[in-house]
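# Report on the structure
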Amino acid sequence: MRSKTQPSRPRTGKVRRRRAAAGYSRAQVASLPLKGYTLPAVDLKRGASGTGVRQLQGALVKLGDMTQAQMNTGPGMFGALTEGSLKKFQQAHGVDAIGVYGPKTRAAFKALGAALDDTETPSTPVPEGLREKIVAEGLWGVAHQEQIHYSQSRPIDGIRLRHKLPLNIDCSGFVTLCYQWAGAPDPNGNHYSGEGYTGTLEAHMRHIPLSQVQPGDLCLWQGKHVSLVIQSGADPLLISHGSEAGPYEIRTSVQKEWYPEGTRLLWLTSPQGAEAGARRTLRREDEARGDPPAEEGLI
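It should be emphasised that the depicted structure is a prediction, and the values quoted were computed from it without experimental measurement. (Residues numbered from 1 in each chain as written. Predicted model: local features only at pLDDT ≥ 70, side-chain atom pairs only at ≥ 80, totals over all residues. Heavy atoms only, no water.)

What follows is about the nonpolar core. Grouped together as the largest cluster of nonpolar side chains are 30 residues, with contacts concentrated most on Ile134, Tyr179, Leu201, Leu218 and Leu228. Counting residues per element, this core draws most heavily on helix H7 (residues 171-182), which supplies eight residues. Residues contacting Tyr179, with those up to four places away along its chain left out, are Ile134, Ala184, Pro185, Pro187, Tyr192, Met205, Gly216, Asp217, Leu218, Leu228 and Ser270. By size, the runner-up hydrophobic cluster in this structure holds 20 residues, among which are Phe78, Leu86, Val95 and Ala108. (Core = buried A, V, L, I, M, F, W, Y, C linked by side-chain atoms within 4.5 Å. Buried < 20%, exposed > 50% of the residue type's maximum accessible area, 1.4 Å probe, protein only. Helix = DSSP H or I, 4+ residues; strand = E, 2+ residues; numbered from the N terminus. Contact = heavy atoms within 4.5 Å.)

Pasting the structure below:
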């Protein structure tokens, strides 16, 4: 007896599907999610600032490794959130998750459609003699310390009148005046509106290593205090105005004793070009904030 012919059936079984990288859909991966994005061709790590960092953050937001809210806490500033988001990206793409934007990480971004900008925007050189003028303004403050008082007030006292006395100022206000009176761009990036504090200095100025510090740069203890560098070296000499006793000269090693172990020390130099640095988005309550006394409780 002839058997009944069975209708043919398609072969069954599990179809092996390629898993998309974390945070992306298969459609996004296929369409190169970073097509049209430009990223810097130079290495970046925590402490860096500028346009390149902002580009990196934008790519991380696009890929879902960083939220827009996280970026808004410090656009253009390579801090803890950027480092953590970059590690997340690196881990998802088989790159050593060290939080540094290097060659292997750039290759991973490029594979997603990003283009690399290998033209470095050079820093605008500091005009000849400007550093000396900034230091001279600081030394003027030391010479008139009896008429310069510690006060947290905004707008910054003396912002419209050079060498005003008496002067009521805090640490960030003092270094801002040194820059303004010397003819330098506002280190806060505020066009000398009279606002600014240690946070705006940290956000706007370029971060550099100790080996590159020169007179006229700033020494900033994060969230605490800022001083003016008047002599470079292994233990830079500073002018500090963090209490009623200031402004006066002090070594960095001595100032270090004021703060708990682990307080982050940053070295800051002039922004790239007039008023052209990475800007941090300040919370409303920070916009007119003064700096805490640097030497509170000290004689």
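The discussion continues.
Okay, the packing of aromatic side chains next. As enumerated under the stated definition, the model contains five aromatic pairs in all. Ring centres of Tyr101 and Phe109 lie 6.1 Å apart, and the angle between their planes is 50°; this geometry places the pair in the tilted category. Assessed through its relative accessible area of 0%, Phe109 is described here as buried. In this structure an aromatic cluster arises from ring pairing among Phe89, Tyr101 and Phe109. (Phe/Tyr/Trp six-rings, centres within 6.5 Å; stacked < 30°, edge-to-face > 60°.)

So, on to the confidence of the model for the chain. Across the chain, the average pLDDT comes to 81, with 77% of residues at 70 or higher. The model gives residues 1-29 a pLDDT under 50, and that stretch makes 17 contacts with residues more than four places away or in other chains. (pLDDT = per-residue confidence, 0-100.)

Attention now moves to the environment of Ala143. Here Ala143 lies in helix H6 (residues 130-143). A residue is classified by how much of its surface remains accessible, and Ala143, at 62% relative accessible area, is exposed.

An ideal rise of 1.5 Å per residue puts 18 Å on 13 residues; helix H2 (residues 51-63) measures up with 19 Å between its terminal C-alpha atoms. Inspection of H2 places Gly52, Val53, Leu56, Gln57, Ala59, Leu60 and Leu63 among the buried residues, and these make up the whole buried set. Buried residues in H2, looked at end-on, bunch into an arc of 160°, giving them a common side. Against the buried residues of H2 lie strand E1 (38-40), helix H3 (68-72), helix H4 (80-92) and helix H5 (103-111). Residue Gly64 follows H2 closely and has a positive phi angle near 85°. (Expected span 1.5 Å × (residues − 1). Arc of directions from axis to C-beta.)

Here the focus is the packing of H4 against H5. Look at H4 against H5: their axes get within 11 Å of each other, and the N-to-C directions meet at 70°. When the interaxial angle is binned, H4 and H5 end up roughly perpendicular. Mapping the contact onto sequence places Leu86, Phe89 and Gln90 in H4 and Thr105, Ala108 and Phe109 in H5. (Axes fitted to C-alpha atoms, helices over the stretch in contact; angles between N-to-C directions. Parallel < 35°, antiparallel > 145°, perpendicular 65-115°, else oblique.)

Oppositely charged side chains can form a pair if their charged atoms are brought close together. Applying the stated criterion to the full structure yields six salt bridges. A salt bridge links Arg162 to Glu137, with the shortest nitrogen-to-oxygen separation between them at 2.6 Å. In this pair, Arg162 sits in the loop between strand E3 (148-150) and strand E4 (167-169) while Glu137 sits in helix H6, placing the two residues 25 residues apart along the sequence. A relative accessible area of 5% places Glu137 in the buried class. Asp157 is paired through a salt bridge with Lys164; the nearest N and O atoms lie 3.2 Å apart. Asp157 sits in the buried class, given a relative accessible area of 16%. (Salt bridge = Lys/Arg side-chain N within 4 Å of Asp/Glu carboxyl O.)

Okay, the pairing of strand E8 (residues 237-240) next. Judged by which residues are buried, E8 turns out to be covered on both faces: Leu237 and Ile239 on one side and Leu238 and Ser240 on the other are all buried. Strand direction decides the pairing type here: strand E7 (residues 225-231) and E8, joined by three bridges, are antiparallel. Bridged to Gln231 within E8 is Leu237. The antiparallel pairing of E7 with E8 creates a hairpin that spans five residues between the two strands, and Gly233 there sits at a positive phi of about 130°. Pairing of E8 with strand E9 (residues 248-251) involves four bridges; the strand directions are antiparallel. Following the sheet pairing, Leu237 is matched in E9 by Arg251. (Pairing = 2+ DSSP bridges.)

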